[in-house]
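# Coordinates in review
The primary structure of each chain is shown beneath.
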Amino acid sequence: MGHLEVKYLKSPKEKALYLQHLIKDLEALDLMLERDMIEKAPIRIGAEQEFCLATKRFFPNNNSVEVLADINDDHFTTEIGKYNLEINSDPLILQGDCFDQLYQQLHRLIEKAEKAAQKNDSKVILTGILPTLRLKHIGEDYMTDRPRYHVLNESLKSSRRENFHIHIMGVDELNLVHDSVMLEACNTSFQTHLQINPDEFVEKYNWAQAISGPVLACCTNSPVLFGRELWAETRIALFTQSIDTRKNSFIHNEKQSRVGFGAHWEEGTVSDIFKDHISRFRSLLSTGDYEDSIEKVENDEIPKLKSLQMHNGTVYKWNRVCYGVGGGKPHLRIECRYIPSGPTLKDEIANMVFWVGLMLGQPDDLKEVHKKMDFRDIKHNFLKAARDGIENQFIWKNKVISAKELILNELLPMAKQGLEKRGIDANDITEYLGIIERRIKTHTGSQWIVSNYRNLLKTKTNFEALQNLTAYMYKHQFGPETIDSWPVFDPNANLKIDESRIVKHNMNTKILLVDQNDSLELVANIMKWKKIHHMPVINKNKQLAGLLTWTDVIKLSDKELNLRVKDVMTKNLITISQEAPLEEAKALMQKHKINCLPVVRERELLGILTTNDL
């Protein structure tokens, strides 16, 4: 869990004090490594389960604080968005039926969350990105009212001194300029933790990097954002661009994003990884609660390394290095952050079992992997997995191989062997690795979402399709079947969705726009070619300026066609909000005897609603 009580480092005095303790923490960590103070056994696992809260109509709900209060359990904490919460599991020793124990605990906690959510007219949904998210849900009024999030937002904005620019190209394209870090709230993950022996930490960290592409490829689950079909795991691109302070790097022409995969194999000790992060990324936050960590080590006490942990909490590597203290003993672990939430708890545990199995099953011929594989190949594998999921080829051992072939023929047997050597329950190995194998042979979460989304768009509007998709996911996420057996479902299936409709359900967003100074003859022909009866007109500021109808056009003489659009268009328009009830729009059109309502936010045109749409 992150610290909720933090402050922004503003004055030079505050920064100097924090930096002094940060450097002391690094020196203390080095001392602990030298004196063999960090726990080597037993090895433990843990997980962070993020989830979304949705309304009865499957739209994001902004009541996480109220739901959290009704849950009343220390395993739960807030996230940056008011429609997200997180569960932190208890650590478990990596042995026997530990994965089944983890499943049972998370299942109980999710059921507890669902009961509290229902009490607050909400639903719990496990998904990497909630399909029904809209641009309004990334405004600061949807940010959880906790100091950590507002301070982080202000510090990142101050550091950048400009807005966040988001550009993701998939089947569709997202091009967005945003003024806060709330885009982070779109992402929900299933973050897995594995304790690592300090003597082999860097070797294991490099191995975790090497396997990231194949692991991500088989668990992608986030292909749709704001109604656009983007990457197989859109979270990777979105999170990378939504928290970015690259202006702060000391290393010329090697500026890394604060969220990222890394740029090279790691060397030395775990301390060197932390030192590299501190060199590249300036400190943003502090708890103001300091300790003399070196003095504690000298007195045979265990420091919490508070300043180091605070800095590490603002560096979002997809494989993150973590220091912690549990049961009075310090330990090191790797946090795998790229695995998405959902679509079922069983699928999530299967993803974790596969990852942990690979971490344990590293073969002898791939020890010192940094000498045997090119880091740029490994990074490229990860990015290809994020873009295309299981439908791509990797470079593995310097050869090109399909993702499916690599996982089925090499990595699944490797994971199985690693788990068996560790003494993991044979039934758990068979069950969870079997889920991965079936998924590779059928479809992943992102493939299922894309297939159903495209199928729904044949008969439904974009907004309806996203709502139906989310409703189906909710209905089946706690059932016995994992994603590999979910079908392309009937668009007319009864999903028990609240049928009260708003304008956004029916409005048409795929519209052509013309400028008010365009040639009337050209626009008339466009309307004829495209069989368009209503043409919205915008001004130089891209704001709605008027509306041209086919009825207006057919009345024009040949001479009048030489005019500009603004000379003929209707300027005094009746408009409506996309949030308005559909019945209100229908009544408005009947009252004013019109066949088209422009849908606007302030003067920005979002779409049109016509009698045909109704």
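Parameters and conventions
Residues numbered from 1 in each chain as written. Predicted model: local features only at pLDDT ≥ 70, side-chain atom pairs only at ≥ 80, totals over all residues. Heavy atoms only, no water. Disulfide = S-S within 2.5 Å. pLDDT = per-residue confidence, 0-100. Contact = heavy atoms within 4.5 Å. Phe/Tyr/Trp six-rings, centres within 6.5 Å; stacked < 30°, edge-to-face > 60°. Helix = DSSP H or I, 4+ residues; strand = E, 2+ residues; numbered from the N terminus. Buried < 20%, exposed > 50% of the residue type's maximum accessible area, 1.4 Å probe, protein only. Pairing = 2+ DSSP bridges. Polar contact = N/O pair within 3.5 Å; in protein donor to acceptor, adjacent residues only side chain to side chain.

Summed over all chains, the structure comprises 0 disulfides. Sulfur of Cys218: no disulfide; nearest cysteine sulfur belongs to Cys219 and is 5.1 Å away. Unpaired in terms of disulfides, Cys322 finds its nearest cysteine sulfur in Cys336, a separation of 11 Å.

Detailed conclusions should not be drawn from predicted coordinates in areas where pLDDT is low. Per-residue confidence for the protein gives a mean pLDDT of 92, with 96% of residues at or over 70. Considering only residues more than four positions removed or in separate chains, one finds that residues 248-254, a stretch of pLDDT under 50, has 11 contacts.

Following the criterion strictly, the structure yields 17 aromatic pairs and no others. Ring geometry for Phe59 and Phe463: centres 5.2 Å apart, planes at 15°, overall stacked. Residue Phe59 is located in the loop between strand 2 (44-54) and helix 2 (64-71), and its partner Phe463 is located in helix 16 (residues 462-476); the two are separated by 404 residues in the primary sequence. The buried category is assigned to Phe59, whose relative accessible area is 10%.

What follows concerns the environment of Glu368. Following the sequence through the fold, Glu368 ends up in the loop between helix 11 (345-360) and helix 12 (375-388). With a relative accessible area of 39%, Glu368 lands in the partly exposed category. Considered as a pair, Glu368 and Thr610 are 242 residues apart in the sequence and their alpha carbons are 64 Å apart. When neighbours within four sequence positions are excluded, Glu368 is seen to be in contact with Glu203 and Gln362.

What follows is about the pairing of strand 9 (residues 190-196). For strand 9, a buried count of 7 out of 7 residues is recorded, marking the element as mostly surrounded by other parts of the structure. Burial along strand 9 is two-sided: the residues Phe190, Thr192, Leu194 and Ile196 and Gln191, His193 and Gln195 are all buried. With 5 bridges connecting them, strand 2 and strand 9 associate as antiparallel partners. Residue pairing across strands places Ala47 opposite Thr192, the latter belonging to strand 9. As paired strands, strand 9 and strand 16 (residues 329-336) are joined by 5 bridges and run antiparallel to one another. Note on strand 16: the bridge partner recorded for Gln195 is Arg333.

Looking at the element boundaries, Asn84 is found in strand 4 (residues 84-88). Classification of Asn84 by relative accessible area gives buried; the value is 2%. A polar atom in the side chain of Asn84 sits 2.8 Å from the backbone oxygen of Ala185. Sequence-distant contacts of Asn84, defined by excluding residues within four places in its chain, comprise Phe51, Cys52, Ser64, Glu79, Ala185 and Thr188.

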